[in-house]
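# Architecture at a glance
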Amino acid sequence: MMSDVFREILDSLGSGVIAVDDEGVVTAVNPAARAHLRLSETELKQGVRIDGLPHLAPLAEVWNEVHAMCKPIARREILLSLGEETKKQIGLSVSLVSGNKPFNGAVFLFTDMTERRRQERSAELNRQLAALGELTAGVVHELRNPVSVISGMAELLMRKTDQNDDRHGTAKVIFNEAAALERSISQFLGFARPFELQMATCSVDDIVQRSVQLCRRRAMGKDVSVEAAVAPTLPLVRADVYRMAQALSNVLNNAIEAAPEGGFAIIEAYQQNDDIVFEIADNGPGIALGSGEDLFTPFFTKKEGGTGLGLSIAHRIVTAHKGTIQHTNQREGGARFVVRIPIKPDEATDVIF
């Protein structure tokens, strides 16, 4: 039996500990292990087999490897799917239990690396944004002058020709395409250069309504209804209302484009603990990503003709507010993005590079 002192030490550890015998039966486990793996005392306890635990097939695979090779593992990371949509990055090491047999059991020591890896990916993404911004800023800036000339000449031709004249229609096409190119150039420049947040105390409803307004024309053009639902009596939040509206509109525009003609996109806002949460969902096909693909990577896009910058810019703005942005697919179909920003005014950064 485990001594009281040993049990107190084991229970006080922040890292998860699971000890198993030579047949894979759990002989000791601490509360941190249950917390990290989201298992109850009845699910993870002495006497259960490690290869019979729900959602822990990758952990069982590590156990099988250690059992077969009779060698410890100094460091390993595994991805666990805990439930339908929750995934955890677990860092672990495995030590062998000493004894008189070739293999006497093993001790798993592990911790949750999910948040640390998320922060590392966020830092790397911001580094990429800064590096790519420096490379593209000069080139994009030089494109602006000729595009302005093309747009101006097309507008002049439209004024000098009758609407029934074929040349008027041609000039209008040139003008519209030049305007679309100008929007892309503005987006590139917005991505390339650092910006300063204008922090102020503002209402969540104001942010949501501004984001919806920015997307209204695109929604009307595709016959997609946009619904906004803001929880009542939300506290005021410290944020840059224009930048946050831009970030949410970038996500909302993606939802509108993903929704079928006559479909819908929804933006909701509510409070959760010390955060304001914005959820944006659509009834499109959802998001299908390959291995290693990240929607927030600059220039990565699944849309034909897309720049791949909208979500990257949204990520920059949300990160500048010390917030997070995540996405998932809904069980009923469509994608859902969740944006969180802290309510406290000291939780945001004034400048993001």
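These remarks concern the structure in this document. (Residues numbered from 1 in each chain as written. Predicted model: local features only at pLDDT ≥ 70, side-chain atom pairs only at ≥ 80, totals over all residues. Heavy atoms only, no water.)

Our next topic: the overall build of the protein chain. Secondary structure summary: the protein chain contains 8 helices and 14 strands in total. Counting the 353 residues in the protein chain, one finds 39% classified as buried. A fraction of 63% describes how many contacts in the protein chain between residues 6 or more apart in sequence connect residues 24 or more apart. (Helix = DSSP H or I, 4+ residues; strand = E, 2+ residues; numbered from the N terminus. Buried < 20%, exposed > 50% of the residue type's maximum accessible area, 1.4 Å probe, protein only. Contact = heavy atoms within 4.5 Å.)

Turning our attention to the nonpolar core. With 39 residues, the main nonpolar core has V204, I207, V237, M244, L248, I276 and F278 as its most contacted residues. Of all elements in the fold, only α6 (204–222), β9 (237–239), α7 (241–258), β10 (264–272), β11 (275–282), α8 (310–320) and β13 (335–342) reach the threshold of two or more residues within this core. Ignoring sequence-local partners within four residues, the contact set of L248 consists of I207, S211, I267, F278, I280 and V339. The next biggest cluster of nonpolar side chains, apart from the first, holds 27 residues, and it includes L37, W63, L92 and F110. (Core = buried A, V, L, I, M, F, W, Y, C linked by side-chain atoms within 4.5 Å.)

Tracing the backbone shows I90 in strand β4 (residues 87–96). Under the relative-accessibility criterion, I90 is labelled buried at 1%. Dropping the residues within four chain positions of it, I90 is found in contact with R76, E77, I78, L80, F110, T111, D112 and M113.

This part is about the sheet that holds strand β1 (residues 16–21). Strand order in this open sheet of 5 strands is β2-β1-β5-β4-β3, and the pairing throughout is antiparallel. Lying at the two open borders of the sheet, with one neighbouring strand each, are β2 (26–29) and β3 (73–81). Going from strand to strand, the sheet's axes swing by 25° on average, the running direction of each strand aside. Bridging between β1 and β2 involves 3 bridges; their strand directions are antiparallel. (Pairing = 2+ DSSP bridges. Axes fitted to C-alpha atoms, helices over the stretch in contact; angles between N-to-C directions.)

Per the counting criterion, the structure on display carries 12 salt bridges. R117 serves as the salt-bridge partner of E120, at 3.0 Å between the closest nitrogen and oxygen. Taken together, the residues span about one helical turn, with E120 and R117 both in helix α4 (residues 114–160) at a distance of 3 residues. By relative accessible area, which is 41% here, E120 ends up partly exposed. R117 sits in the buried class, given a relative accessible area of 14%. The partner of R336 in a salt bridge is E279, and the shortest N-O contact between them spans 2.4 Å. Of this pair, R336 sits in strand β13 while E279 sits in strand β11, and the two are 57 residues apart along the sequence. (Salt bridge = Lys/Arg side-chain N within 4 Å of Asp/Glu carboxyl O.)

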